[in-house]
Amino acid sequence: MSHTTELLLEAFLSTTSNDIIPLTAKGVASGCKVFGAAILRKSDLSLVIAATNDETTSPLLHGEINCIQQFWALPSDKRPPPKDCVFFATHEPCSLCLSGITWSGFDNHYYLFTYEDTRDAFAIPHDIRILEEVYKVPAKGESAEDFASRPLYNKSNAFWTARSVEELVGQLPEDKRDAMRGRVTQIKKQYAGLSETYQASKGDKGIPMA
Ligand SMILES: [Zn+2]
């Protein structure tokens, strides 16, 4: 990809504000979680499709999975090959979505909020819990400390490379970082509002992992 880090960040933040958040605001109002995703063309970073969580339809319709489903539903002349696309998730993809991204053939993904943000700022601990409970097997003779500090998944692997928005901001020239962090903070404030709405209304929707 030949885009500068700055252009990539611009595309992620404007797509989040203009395309993902309006969908997510509607989803949250109907009891769905705050997670969204978008697929962009590598060539010019134009939007192919954006989507949000639709868990009241099915607990598997996470923002990323819903985005992938809608991407494959596009007519083939409107759907670039996954290898020619950038995958963006508002929140670090869970184990289901990591697999969905892999099975769909994307060679990258980027995310705004980390698992720790999702657990601590959004009160949704399932990403980390599922990876720890289902996938993380203690190695023979491994100390509790080594087990705890071992990464939950491989961010650079044979299928894809995953990067956070914070990592990208850190790669910007120093004089551009503060302005970009300011924009990220503005978007994060909008998510704090969406999260409050979700937490206040999630109780009675019958979502297994609310
Ligand atoms: Zn997911």
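It should be emphasised that the depicted structure is a prediction, and the values quoted were computed from it without experimental measurement. (Residues numbered from 1 in each chain as written. Predicted model: local features only at pLDDT ≥ 70, side-chain atom pairs only at ≥ 80, totals over all residues. Heavy atoms only, no water.)

Considering the overall build of the protein chain
Broken down by element type, the protein chain carries eight helices and five strands. Counting from the amino terminus, the protein chain carries its helices and strands in the arrangement α-β-β-α-β-α-β-α-α-α-β-α-α. Expected size for 210 residues packed as a compact globule is a radius of gyration near 17 Å; at 17 Å, the protein chain falls within 12% of this value. Across its three principal axes, the protein chain shows a C-alpha extent of roughly 50 × 40 × 40 Å. Within the protein chain, residue pairs in contact and separated by at least 24 positions form 61% of the contacts whose partners lie at least 6 positions apart. Only carbon and sulfur atoms are counted for the fraction: they give 54% of the accessible area of the protein chain, which is about 10,600 Å². (Helix = DSSP H or I, 4+ residues; strand = E, 2+ residues; numbered from the N terminus. Rg over C-alpha atoms; globule rule 2.2 N^0.38 Å. Contact = heavy atoms within 4.5 Å. Areas by Shrake-Rupley, 256 points an atom, 1.4 Å probe, with all protein chains shown as cover.)

Details of the environment of L61
With respect to the helices, strands and loops of the structure, L61 is situated in the loop between β2 (47–52) and α2 (63–72). Accessibility expressed as a relative area gives 15% for L61, which makes it buried. For the pair L61 and D107, spaced 46 residues apart in the sequence, the C-alpha separation amounts to 21 Å. Sequence-distant contacts of L61, defined by excluding residues within four places in its chain, comprise N53, D54, E55, N66 and Q69. (Buried < 20%, exposed > 50% of the residue type's maximum accessible area, 1.4 Å probe, protein only.)

Some points on the coordination of the zinc ion
Every protein donor of the zinc ion is listed here as H62 (ND1), C94 (SG) and C97 (SG), and their distances to the metal cover 2.1 to 2.3 Å. We note that the donor set of the zinc ion lies within a single chain, spaced as H-x31-C-x2-C. (Donors = N, O, S within 2.8 Å, 3.2 Å for Na, K, Ca; no water.)

A look at unusual backbone geometry
Look at L45: it is not a glycine, yet its phi comes out positive at around 60°. At A123, a residue that is not glycine, the phi angle is positive and equals roughly 55°. With respect to the helices and strands, A123 occurs in the loop between α4 (115–120) and α5 (126–135).

With respect to the UniProt feature "domain: CMP/dCMP-type deaminase" (unreviewed entry) in the protein chain
The UniProt feature table records "domain: CMP/dCMP-type deaminase" (unreviewed entry) at residues 35–111. End C-alpha to end C-alpha, residues 35–111 measures 11 Å, and it is 25% helix and 30% strand. (UniProt positions renumbered as here; feature names shortened; annotations may be inferred.)

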